[in-house]
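What the coordinates show
Single-letter residue listing:
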Amino acid sequence: MSATISNDSDIIRTFDADPISIAAPIQSKSLAGVSERMVLIPDLLPFRIETRDVIAELAKWTAGQGFGVAILAPSDNAAEEWRDVSTFAKGSAEVEAIVEAMQNGERLGPVVFANRYDGMDLPGNACRLLILSGLPNGTSDYELFRAAALHGGTTIMRMLAQRIEQGIGRGARGSGDHCVVIFHGADIAGWIAKDANFRLLTDATRAQMEMGIEISRAVSDLPELRDTINRSYSRDTDWTEYHAETLAERLDEASETSNDFTGVAAERKAMNLWHDGHHQKAIATLEKVLDQLDSADRSESGWLSQLAARISDNWGNRERAESLQQRAYASNRNLLRPKVCPPYQPLATPSEQASKVVSQFEGYHLRRGFLKSFDDTVAFLHEGASATQFEKALADLGSMIGLVTERHDDHGVGPDVLWLFPGKRAWEIEAKSRKKDANALKKGHHGQLLVASQWFSANYPEYSFQRVVMHPRSLATEAASAEETFALTYVKLTNLISDARAFVTALCESQLSSSELLHECSRLLVQSPVRACVLADNYLMPFTVSP
């Protein structure tokens, strides 16, 4: 069933199963069905490499050894990026034909498959090298919708964990089989490096990843990486014995993980009551768990509050439906916007910058994973990104360098992005990232920022602020009257990203304890251009009137 159901909560939601039984399934401690996998994450290796080029070379080299190579990508667009080194199996008929050819040994690849994390078996030599390129997506329209609505929530993280489990199971089938699994991409490397996500994987997968991380520490260059992989291909006894013994030890030591199905159980019960015409009881069932979920998973709390609003609207109680939808939107801004938005809740006063930076490392069992999350974030800070992608990335960049940030603009109310600094200072940012280079800042666009300033003064009366426009050039028309506004140009943004990455890299590569890391972070900030008190001097430019 693991290849069909991507999230255990779906069993409750779909079949009305008992949550207690689903939370405590019968599990075997036997290794009978566990394949041998050498799991490697080149993005987290201790030396710098062009991971995509290296993996492409490894794929061609493996096929040259007479072993099958499969690449799993999350979408057609992602799969297209591998066309130069592989065949893209596109469409069900072509996928079926190529899989059969690989199973029969008539084809070795490399072959890239788009969003094929289940329903495809490549045992034995059909696949000795499996490459998971990028973080998986949902496979159905409903899953994609839920992923967008519940972005960052526990429900979606659990779904991604099971997608990854399904993916790595395409290569090695059963205890007598073996393969090398390589994770590629800043998004999937950063995801795995987070403790909360890592714990969602099965005990066997965690153990195999930990083994891969340990052997990777002994790899210092590319020839050693190839030699390490060849140990699996050549059935090196040192490797096979190490894998078997270590896997058995770590599974014996593994502790049970708990699953909380409170939200999905309430969702299913409410749906049953709604179907039977008991609207009031359905709403009460959902409201009973909302406060509990608010502290644990606000995205799911918002989802259930929106369901309660739908039930109330169907019942004919429009006033209560609007109130519930306001609560849903306050918990999760990816949901439907109510007719009247809930009152704005100002952000918490920023703490000391170094403390804010170091606190983010606490969620990672591999510090280099934070660097990969940084790279994944700033990849959207370019003129080709959508407004949503750019603004979210700009807010996340501020958070990663120790500021308190928010992507706010609520249908024209407030700035696009808000950065709060220690000392009650702020940047209110209007992101005009898609404007053409030759265009100057015009009166209408600057007027939006002036309106946002009024909103900021009303909600943060004790703060001083600088008006900032993300704009290709620091030119404004005379009518714009932008003398007291500053430009963050692409050149300066690139400098900021480069300086921030250097700062983050120094912290990621340190071997210091958590307490020592705070002192090191403070020391690095004193010398860094991304220190909060000098950010404006280093990266903002005053607007000049265009000729």
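Look a little higher up for the structure.
Residues numbered from 1 in each chain as written. Predicted model: local features only at pLDDT ≥ 70, side-chain atom pairs only at ≥ 80, totals over all residues. Heavy atoms only, no water.

Considerations on the overall build of the protein chain
As a reminder of what qualifies: By the criteria applied, helices consist of DSSP H or I runs no shorter than four residues and strands consist of E runs no shorter than two, each listed in order from the N terminus. Note on definitions: a residue-residue contact is assigned when non-hydrogen atoms from the two residues lie within 4.5 Å. Note on areas: Shrake-Rupley with a 1.4 Å probe; residue coverage comes only from the protein chains shown.
Regarding its fold elements, the protein chain presents 23 helices and 14 strands. Contacts in the protein chain between residues at least 24 apart in sequence constitute 72% of all its contacts with a sequence separation of at least 6. Just so you have it, the protein chain exposes about 25100 Å², and 49% of that area is on carbon and sulfur atoms.

A few points about unusual backbone geometry
As a rule of thumb, non-glycine residues mostly have phi less than zero, and peptide bonds are mostly trans rather than cis. Worth spelling out the cut-off: For every residue, the accessible area obtained with a 1.4 Å probe (protein chains only) is divided by the maximum for its type, and the residue is called buried under 20%, exposed over 50%, and partly exposed between those limits.
With omega at 5 degrees, the peptide bond leading from Gly109 into Pro110 counts as cis. By the secondary structure assignment, Pro110 is in the loop between α5 (92-103) and β4 (111-114). Backbone geometry places Asn115, a non-glycine residue, at a positive phi of 55 degrees. Mapping Asn115 onto the fold places it in the loop between β4 and β5 (129-133). Phi angles above zero are rare outside glycine, and Arg235 is one such case at about 60 degrees. Arg235 sits in the partly exposed class, given a relative accessible area of 32%.

Looking at the packing of aromatic side chains
The description of two aromatic rings rests on the distance between their centres and on the angle between their planes. Counted only if it meets this: Think of it this way: a Phe, Tyr or Trp ring, Trp meaning its six-membered ring, pairs with another when their centres are within 6.5 Å, and the plane angle makes it stacked under 30 degrees, edge-to-face over 60, tilted otherwise.
Evaluated as defined, the whole model comprises 13 aromatic pairs. Aromatic pair Trp61 and Tyr233: ring centres 5.8 Å apart, planes at 35 degrees, arrangement tilted. One end of the pair, Trp61, is in helix α3 (residues 51-64); the other, Tyr233, is in helix α11 (residues 222-233), and 172 residues separate them in sequence. Tyr233 matches Trp61 in its accessibility class, with the two residues each being buried.

Regarding helix α22 (residues 514-527)
Threshold: In this analysis, the expected span of each helix is defined as 1.5 Å times one less than the number of residues it contains. Of all possible arcs, the one meant is that of the directions from the helix axis to the C-beta atoms.
Taking 1.5 Å of rise per residue, the 14 residues of α22 would be expected to cover 20 Å, and the 21 Å separating its terminal C-alpha atoms lies within 8% of that figure. Looking at α22, one finds that the buried residues are Leu517, Glu520, Cys521, Leu524 and Leu525. The buried residues of α22 occupy an angular sector of 140 degrees when projected down its axis, which confines them to one face. In this structure, α22 carries Ser515, His519 and Val526 as exposed residues pointing more than 90 degrees from its buried face.

Digging into the environment of Ser220
Mapping Ser220 onto the fold places it in the loop between α10 (203-216) and α11. Spatially, the C-alpha atom of Ser220 lies 8.4 Å from that of Leu45, the residues being 175 residues apart in sequence.

A look at the sheet that holds strand β2 (residues 69-73)
Operational definition: At least two DSSP bridges between two strands are needed for those strands to be called paired. Between N-to-C directions, angles span 0 to 180 degrees; the directions come from axes that are lines fitted to C-alpha atoms, helices contributing only their stretch in contact.
With parallel pairing, the six strands of this open sheet are ordered in space as β1-β6-β5-β2-β4-β3. Where the open sheet ends on each side, the last strands, each with one partner, are β1 (36-40) and β3 (87-89). Averaged over all neighbouring strand pairs, the angle between strand axes comes to 25 degrees, with direction disregarded. In this sheet, β4 lies alongside β2 in parallel orientation, the contact comprising four bridges.

Details of the packing of helix α19 (residues 387-400) against helix α21 (residues 490-508)
Stated formally: Orientation labels follow simple angle bins: below 35 degrees gives roughly parallel, above 145 gives roughly antiparallel, 65 to 115 gives roughly perpendicular, and whatever is left gives oblique. Crossing chirality is assigned from the near helix's rotation relative to the far helix, an anticlockwise turn below a right angle marking it left-handed and a clockwise turn marking it right-handed. Under this grouping Gly is polar, as are all residues other than the nonpolar Ala, Val, Leu, Ile, Met, Phe, Trp, Tyr, Cys and Pro and the charged Asp, Glu, Lys and Arg.
Running from N to C, α19 and α21 cross one another at 45 degrees; their axes reach a closest spacing of 12 Å. As summarised for this structure, α19 and α21 are arranged oblique, according to the angle between their axes. The hand of the α19/α21 crossing is left-handed. Of the residues in α21, those touching α19 at Phe390, Leu394 and Leu397 are Tyr490, Leu493, Leu496, Ile497 and Ala500. When its residues are assigned to classes, the contact of α19 with α21 shows eight nonpolar, no polar and no charged.

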